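# Chains, contacts and geometry: an overview
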Amino acid sequence: MSRRWERQEEAYKDSLRLIQKAKEDASKRLHEAGQAHAELLGQLVTLRVKVVELQDAAEASKAQQKKLEDYCVDREQKLAKAEAALEAKTNDCDLLTAENTTLQAKVQELVAALATKDQEMTSQAENCKAVEERLLPEAATGFADGFAEALVQAACANPGINISECSPFSEGVKGKIVPLAALED
């Protein structure tokens, strides 16, 4: 009879070791998932900062474009006056024509450069938004997977425990599980 108990006790010890090993592995995986989740959140914050910076730069670019348009209108008005003066002063004709050509070339260069910059910023903003849209589901999945793994570990560590009311949207208050206060607002 004693031999039988010894074998049974040895089997229980083996089962306990296997369970402890599984618990350690699960803890390690949960820790790694938490780290990956934190890294993804860090990347998300960085991308959001970049999106805001790009949006600010786009606004500045629009303001600069308005300034250049006003500058162009001003230059066009000055050009009209110069053309009127050209008729009165035939000796200054070549000089005014050269100034007119130079100003138009500068305006065209500035408008072309501004259009290129605006396209670049639009493309960068779209790229950042696409990356953000890709990372948000990954972060949410990582959080949900980590929470599910934590519930499994809690059930393994405490057999018979009731975890049916546990969710990522609940919290423990005075020994009871209740919905998060932030979600009720």
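Counting restarts for each chain, with residues numbered from 1 along the sequence as it is written. With the structure being a predicted model, the display of local features is reserved for residues of pLDDT at least 70 and the display and counting of side-chain atom pairs for 80 or more, all residues being used for whole-chain, interface and lining totals. Calculated side-chain values reflect all of the structure's heavy atoms, with hydrogen atoms and water omitted.

For the rest of this paragraph, the subject is the overall build of the chain. Along the backbone of the chain there are 3 helices and 2 strands. When the helices and strands of the chain are read in sequence order from the N terminus, they spell out α-α-β-β-α. Its C-alpha atoms give the chain a radius of gyration of 35 Å, clearly above 16 Å, the size a compact globule of 185 residues would have. Along the three orthogonal principal directions, the C-alpha set of the chain runs to about 130 × 35 × 15 Å. The contacts in the chain between residues at least 6 apart in sequence include a share of 59% that link residues at least 24 apart. Each accessible area is a Shrake-Rupley estimate made with a 1.4 Å probe; only the visible protein chains count as cover when residues are assessed. As presented, the chain carries roughly 14,300 Å² of accessible surface, and 57% of it is formed by carbon and sulfur atoms. Side-chain charges of the chain comprise 24 positive and 33 negative groups, with the mean position of each set lying 8 Å from the other. Every helix listed is a DSSP run of H or I at least four residues long, and every strand listed is a run of E at least two residues long, numbered separately from the N terminus. Just to be clear, the radius of gyration here is over C-alpha atoms, and the globule rule we use is 2.2 Å times residues to the power 0.38. What makes two residues a contact is simply this: any of their non-hydrogen atoms within 4.5 Å. By the counting scheme adopted, Arg and Lys are positive, Glu and Asp are negative, and His together with the chain ends is not counted. Charge coordinates come from a single atom per side chain, which is NZ of Lys, CZ of Arg, CG of Asp or CD of Glu.

Okay, the pattern of salt bridges next. Here, a salt bridge means any Lys or Arg side-chain nitrogen found within 4 Å of an Asp or Glu carboxyl oxygen. Per the stated rule, a full pass over the model turns up 10 salt bridges. A salt bridge links arginine 48 to glutamate 132; its shortest N-O distance comes to 3.1 Å. Here arginine 48 is found in helix α1 (residues 2-88), whereas its partner glutamate 132 is found in helix α2 (residues 93-157), with 84 residues between them in sequence. Classification of glutamate 132 as buried rests on a relative accessible area of 18%. Salt-bridge contacts for aspartate 74 lead to lysine 78; the nearest nitrogen and oxygen are separated by 3.7 Å. With aspartate 74 and lysine 78 both in helix α1, this residue pair falls 4 residues apart, about one helical turn. In this structure aspartate 74 comes out as partly exposed when scored by relative accessible area, which is 31%. Relative accessible area decides the class of each residue, using a 1.4 Å probe on protein chains only: under 20% of the type maximum gives buried, over 50% gives exposed, and in between gives partly exposed. By relative accessible area, lysine 78 is classed as partly exposed at 44%.

Further remarks concern the pairing of strand β1 (residues 170-173). Bridging between β1 and strand β2 (residues 176-179) involves 4 bridges; their strand directions are antiparallel. Across the sheet, residue glutamate 171 finds its bridge partner in β2, namely valine 178. Where β1 hands over to β2, the hairpin turn is made up of 2 residues, of which lysine 174 adopts a positive phi near 50 degrees. Only strands joined by at least two bridges in the DSSP assignment are considered to pair.

For glutamine 43, the position within the fold is in helix α1. Between the alpha carbons of glutamine 43 and glutamate 132 there is a distance of 8.9 Å; along the sequence they are 89 residues apart.

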